[in-house]
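# An overview of the molecular structure
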Amino acid sequence: MGDVDESAKLWKVNRTIHELVKDRGFLVSDEEIHMDLQRFRQLYANNSGVVDRNQLNFYTTSRTNPTDQIFVFFSEERSVGVKTMRKLLSILEEKSIQRGIIVFPGNMTPSARKVIVAMASEYRLEEFSEADLLVNIVHHTLVPRHEVLTPEEKRMLLEKYRLKETQLPRIQLADPVARYYGLRRGQVVKITRPSETSGRYASYRICF
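Residues numbered from 1 in each chain as written. Predicted model: local features only at pLDDT ≥ 70, side-chain atom pairs only at ≥ 80, totals over all residues. Heavy atoms only, no water.

Per an unreviewed UniProt entry, the protein carries the name DNA-directed RNA polymerases I, II, and III subunit RPABC1 and comes from Galerina marginata. Under the heading Subcellular location (unreviewed entry), UniProt records this for the protein: "Nucleus". Taken from UniProt, the Sequence similarities (unreviewed entry) comment for the protein reads in full: "Belongs to the archaeal Rpo5/eukaryotic RPB5 RNA polymerase subunit family." (UniProt positions renumbered as here; feature names shortened; annotations may be inferred.)

So, in structure tokens, the structure goes:
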């Protein structure tokens, strides 16, 4: 029973991480997102129902910038340590990719987190536990639509309303929605909510 539960969990995680990457503007096939559980097991599980996480690794390219690539790495290790981080970095180096997301079953050791910080000038590494990805938070009906502004759109917004960056409401780097979109400090997100009076209204937040 455990393996069946595990494969159902990984099926959800796999779908969410593909949605996340797509929502960030990367190329993802709809087949990956709409794959049913049976097909997922056929592709990724062995005869006894155990999913090989190595098979779930994938990389993809930005829809607008062919040089911008991202690699998603599923850790076999429950508690991610430095060894797993080294493995991820060697793959990124080999493929000449600067952005990586590591997905892991349990947690991450403090020393592994230090690797993310230490490598920040060369590689942009993000981490999600599988529990973080069981449900796609931004596809929840109560979460309004978020769009990340380009630097040019941000500049125009500040000019239009004669604002300084410090006057914008904030969204924290650790906010689940900010993590989902991979926001960086200084990026602005546009949030569109339905409004009873005007149909919909937009607000803006800056990541800090």
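This is not the end of the story, as more comes after the structure.
Once that is clear, we can look at the packing of helix α4 (residues 82-95) against helix α5 (residues 110-118). Look at α4 against α5: their axes get within 8 Å of each other, and the N-to-C directions meet at 30°. The pairing of α4 with α5 is recorded here as roughly parallel in orientation. For the pair α4 and α5, contact is made by Val 82, Met 85 and Leu 89 and by Ser 111, Ala 112, Val 115 and Ile 116, respectively. A breakdown of the residues in the contact of α4 with α5 according to their chemical character gives six nonpolar, one polar and no charged. (Axes fitted to C-alpha atoms, helices over the stretch in contact; angles between N-to-C directions. Helix = DSSP H or I, 4+ residues; strand = E, 2+ residues; numbered from the N terminus. Parallel < 35°, antiparallel > 145°, perpendicular 65-115°, else oblique. Contact = heavy atoms within 4.5 Å. Nonpolar A, V, L, I, M, F, W, Y, C, P; charged D, E, K, R; others polar.)

Sequence positions flagged by UniProt for "domain: RNA polymerase Rpb5 N-terminal" (unreviewed entry) are, in local numbering, residues 5-89. Helix makes up 47% of residues 5-89 and strand 14%, with an end-to-end C-alpha separation of 30 Å.

The next point concerns the pattern of salt bridges. This structure, assessed with the given rule, holds 12 salt bridges. Between Glu 130 and Arg 53 there is a salt bridge whose closest N-O contact spans 2.8 Å. Of the two residues, Glu 130 is situated in the loop between β6 (124-129) and β7 (145-148) and Arg 53 in the loop between α3 (37-44) and β1 (58-61); the sequence distance between them amounts to 77 residues. Take Glu 130 and Arg 53: they sit in the same class, and that class is buried. Put simply, Arg 179 and Asp 132 hold a salt bridge, and the shortest N to O gap is 3.2 Å. Here the residue Arg 179 occupies a position in helix α7 (residues 176-181), and Asp 132 occupies one in the loop between β6 and β7, the gap between them amounting to 47 residues. For Asp 132, a relative accessible area of 40% puts it in the partly exposed group. Salt bridges here are not isolated pairs; linked through shared partners, they connect Glu 6, Lys 9, Arg 53 and Glu 130. (Salt bridge = Lys/Arg side-chain N within 4 Å of Asp/Glu carboxyl O. Buried < 20%, exposed > 50% of the residue type's maximum accessible area, 1.4 Å probe, protein only.)

What follows deals with the UniProt feature "domain: RNA polymerase subunit H/Rpb5 C-terminal" (unreviewed entry) in the protein. Mapped onto this numbering, the UniProt entry gives "domain: RNA polymerase subunit H/Rpb5 C-terminal" (unreviewed entry) at residues 135-207. The span residues 135-207 carries 22% helix and 32% strand; its end-to-end C-alpha distance comes to 23 Å.

Below, the discussion takes up α4. When the terminal C-alpha atoms of α4 are compared, their 20 Å separation across 14 residues agrees well with the 20 Å that a helix rising 1.5 Å per residue should span. Within α4, burial applies to Thr 84, Met 85, Leu 88, Leu 89, Ile 91 and Leu 92. For α4, the arc enclosing every buried residue in end-on projection is 155°, short of the 170-degree limit, so these residues lie on one face. With respect to the buried face of α4, the exposed residues turned more than 90 degrees away are Lys 83, Arg 86, Glu 93 and Glu 94. (Expected span 1.5 Å × (residues − 1). Arc of directions from axis to C-beta.)

A word on the sheet that holds strand β10 (residues 199-207). Strand order in this open sheet of four strands is β7-β9-β10-β8, and the pairing throughout is mixed. On the outer flanks of this sheet lie β7 and β8 (170-171), each paired with one strand and no other. Inspection of the sheet shows β7 paired to strand β9 (residues 188-195) by four bridges, in the antiparallel sense. Within the sheet, the bridge partner assigned to Arg 145 lies in β9 and is Thr 192. (Pairing = 2+ DSSP bridges.)

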